[in-house]
Amino acid sequence: MHGILQFEHNSTESNQALNGNVATGFSPISPPRNLGSMSRLLPSFIAVCTTFAATVLTGTLIAAEKNRPNILFCIADDWGWPHAGAYGSKLVETPTFDRLAREGVLFTNAFTSNPKCAPCRASITTGRNSWQLEEGISHWNRWPEQFITFPDLLAEAGYHVGMTGKGWGPGDYEHARETNPAGPNYDKFRNETPGKSMSALDYSRNFIEHFLPAREPGQPFCFWLGAFEPHRAYEQGIGERSGKQLADAEVPAYFPDTPTVRGDLLDYAIEVEWYDTHVGRALTHLEAIGELGNTIVVMTSDHGMPFPRVKGQIYEMGFHLPLAVRWGDHAPAGRTVTDFINVRDFAPTFLDAAGLKSHPQFTGRSFLDLLRSTAEGRIDVSRDVMLTGKERHDMGRPHDWGYPVRAIRTDEFLYVYNFEPDRWPAGNPETGYRNVDASPTKTEILESDDYYELSFGKRPARELYAINEDPECMHNLADSAEHTAIMAELHLRLMAMLKAEGDPRLNGRAEFFDTIEYLGRKTYSWDVWHENQWEAIVAGVA
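Residues numbered from 1 in each chain as written. Predicted model: local features only at pLDDT ≥ 70, side-chain atom pairs only at ≥ 80, totals over all residues. Heavy atoms only, no water.

S.K.: Mind showing me how you'd approach empty space enclosed by the protein here?
M.R.: Here the idea is plain: a probe the size of a water molecule rolls over the atoms and shows the empty space left. Inspection of the entire model under this criterion finds 1 cavity of 30 Å³ or more. In this model, the largest cavity occupies a volume close to 30 Å³. As for the largest cavity, its lining consists of Ile-314, Tyr-315, Tyr-403, Val-416, Asn-418, Arg-459 and Glu-463. Of the residues assigned to the lining of the largest cavity, the class counts are 4 nonpolar, 1 polar and 2 charged. (1 Å grid on protein atoms, 1.4 Å probe; cavity = no way out; pocket = protein on both sides within 12 Å on 5 of 7 lines; lining within 4 Å. Points joined across faces, edges and corners; volume = space filled by probe spheres on them. Nonpolar A, V, L, I, M, F, W, Y, C, P; charged D, E, K, R; others polar.)

Set out below in structure tokens:
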């Protein structure tokens, strides 16, 4: 059973003692004298030994319990890289994230294998890439009940486990389990927010006043602090009303540089800062009660910001994540690490830190060695590649098809393979490009001839970007003769790695992905659009 301490019995030493080969005070050749007196004393002697052993064992278990680290896993909803002060961004103020970077480790190459809420969070909790999770690869799906989660395993091992806000989702887990895959819910307290569009849940207070008091004395905890921010919708103009300047907005090259887009980015920034504030309150409390030093604090997100060509799209800003980790003296501070981290690596890392064996389900790798190291830069030379991709996220294509993509990211290149280039990557025009959240920026781009293709147009089967010179993925090198060899090499490597990981799309089960039921609203499905068109025609004739 997970979490039960096992002690080995030294049979060799015991047998030697029985045979008189070690100093025990007894000899099998010369039996002890006064055997009768000893037999009367034996029960008392056994009782004393048993009490002593129980005392020692209890003390050992208590010590082990105290040494096991707490885990505070903080995850935003749609917070994109590199929007944090520690990465040099001027768009947002993130004092808590920046503190974690100073007092812990700042990672510059953290990624998700699928840039959408439900599949990314499934990957985090199960320790697997999204194409290894059956229906877990999709958005608004049923939780794949055959998979266990790291909160489940830590709970079995004696941890106090819980969550507030957004855990795994959106989707249905109740058919398979009693609690969210991220843990039991602690959503008691609510608060006033800076903006009407923000969640009223008081994430930090739920952690401090609801979750922590419910644990046993000395019990280690694992808490998932899941903010709903900066997910849309936003209160339009809140950024400027809060004192931000349009000049502070960092406009990507694939967006028109207009006041509308700049204002939208400022509104997004305010919600990122609200998330940062709640994590800061949690840190302050842990410090006040003397538990911050033995708590692994992770601060990250599930994918890029909720803007066109970012969230849900297989470009750098879509799947590249902010990540900082603090663990007191266990993680030497002030280091920047360039090793590639996959979100599936969190689960084995947490079990490793808790002194537990990795679960055979996990395909991620613990990065505990990187946290404990005193080195920075590239520490483990094997951590230099990342796979990412997607199937169906939202509705809006004929037959409710997805847009299958797989990609490989190395230190130098991002190679993207679009399996169905004749489909619309952001959803069909007729249904409103539903794989892109509604926003002022989306409206602005749809009205622009210059930027439309970058976010909503169809894409070639192969895309190749020199990621260091072109992090915004503006210049496709797939047709460059100079890059033919490297693209062929990356394609073969991508396909081989996917096949080895059991990706159904590479192992004769590609059609499976189109059978996964979508559980969200069908308002923008292809069938509903057709039905509405027919009703409009009938109404026009009448």
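Next, the rest of the story.
S.K.: I tried to follow helix α3 (residues 95-103) on my own but got confused; where do I start?
M.R.: Side chains three or four residues apart in an α-helix point the same way, a direct result of the helix having 3.6 residues per turn. Within α3, the full set of buried residues consists of Thr-96, Phe-97, Asp-98, Arg-99, Leu-100 and Ala-101. Close packing links the buried residues of α3 with β2 (105-111), α8 (259-288), β7 (295-301) and β8 (320-326). (Buried < 20%, exposed > 50% of the residue type's maximum accessible area, 1.4 Å probe, protein only. Helix = DSSP H or I, 4+ residues; strand = E, 2+ residues; numbered from the N terminus. Contact = heavy atoms within 4.5 Å.)

S.K.: Explain the packing of aromatic side chains here, please?
M.R.: For any pair of aromatic rings, the description rests on two quantities: the centre-to-centre distance and the angle between the ring planes. Throughout the structure, instances matching the rule amount to 29 aromatic pairs. When the centroid spacing of 6.2 Å and the interplanar angle of 65° are considered together, the rings of Trp-81 and Tyr-87 count as edge-to-face. Ring plane angle 40° and centroid distance 5.0 Å describe the contact between Phe-207 and Phe-223, whose orientation is recorded as tilted. Residue Phe-207 is found in helix α6 (residues 203-211), and its partner Phe-223 is found in strand β6 (residues 221-226); the two are separated by 16 residues along the sequence. Overall, the relative accessible area of 0% leaves Phe-223 in the buried class. Feature note: the residues Phe-73, Phe-107, Phe-150, Trp-224, Phe-346, Phe-350 and Phe-367 constitute an aromatic cluster, connected by ring pairs. Of note, Arg-309 hangs over the ring of Tyr-315, and the distance from its end group to the ring centre comes to 4.0 Å. (Phe/Tyr/Trp six-rings, centres within 6.5 Å; stacked < 30°, edge-to-face > 60°. Lys NZ or Arg CZ within 6 Å of the ring centre and 35° of its normal.)

S.K.: What should I look at first to understand the packing of α3 against α8 in this one?
M.R.: Packed helices, taken two at a time, are described by the angle between their axes plus the distance between the axes. For the pair α3 and α8, interaxial distance at closest approach is 7 Å and the crossing angle is 50°. Taken together, the axes of α3 and α8 are oblique relative to one another. The residues of α8 that touch α3, namely those facing Pro-95, Thr-96, Phe-97, Arg-99 and Leu-100, are Asp-276, Val-279, Gly-280, Leu-283 and Glu-287. When grouped by side-chain class, the residues that make up the contact of α3 with α8 number 5 nonpolar, 2 polar and 3 charged. (Axes fitted to C-alpha atoms, helices over the stretch in contact; angles between N-to-C directions. Parallel < 35°, antiparallel > 145°, perpendicular 65-115°, else oblique.)

S.K.: Help me out: how do you make sense of the pattern of salt bridges in this one?
M.R.: Applying the stated rule across the entire model yields 26 salt bridges. Asp-77 serves as the salt-bridge partner of Arg-121, at 3.8 Å between the closest nitrogen and oxygen. On the criterion of sequence distance, the pair formed by Arg-121 in helix α4 (residues 117-126) and Asp-77 in the loop between β1 (70-76) and α3 is long-range, its members being 44 residues apart. Neither Arg-121 nor Asp-77 differs from the other in exposure class; each is buried. Asp-264 is the partner of Arg-232 in a salt bridge, and the nearest nitrogen-oxygen pair spans 2.9 Å. (Salt bridge = Lys/Arg side-chain N within 4 Å of Asp/Glu carboxyl O.)

S.K.: Honestly, the pairing of β6 in this entry has me stumped. Any pointers?
M.R.: Of all 6 residues making up β6, 6 are buried, and the element is well covered by its neighbours. Here β6 shows a buried face lined by Phe-221, Phe-223 and Leu-225 and a second buried face lined by Cys-222, Trp-224 and Gly-226. Bridge count between β1 and β6: 5 bridges; the pairing is parallel. Within the sheet, the bridge partner assigned to Cys-74 lies in β6 and is Leu-225. Bridge count for strand β4 (residues 160-165) against β6 is 6 bridges, and the pairing is parallel. Bridged to Val-161 within β6 is Cys-222. (Pairing = 2+ DSSP bridges.)

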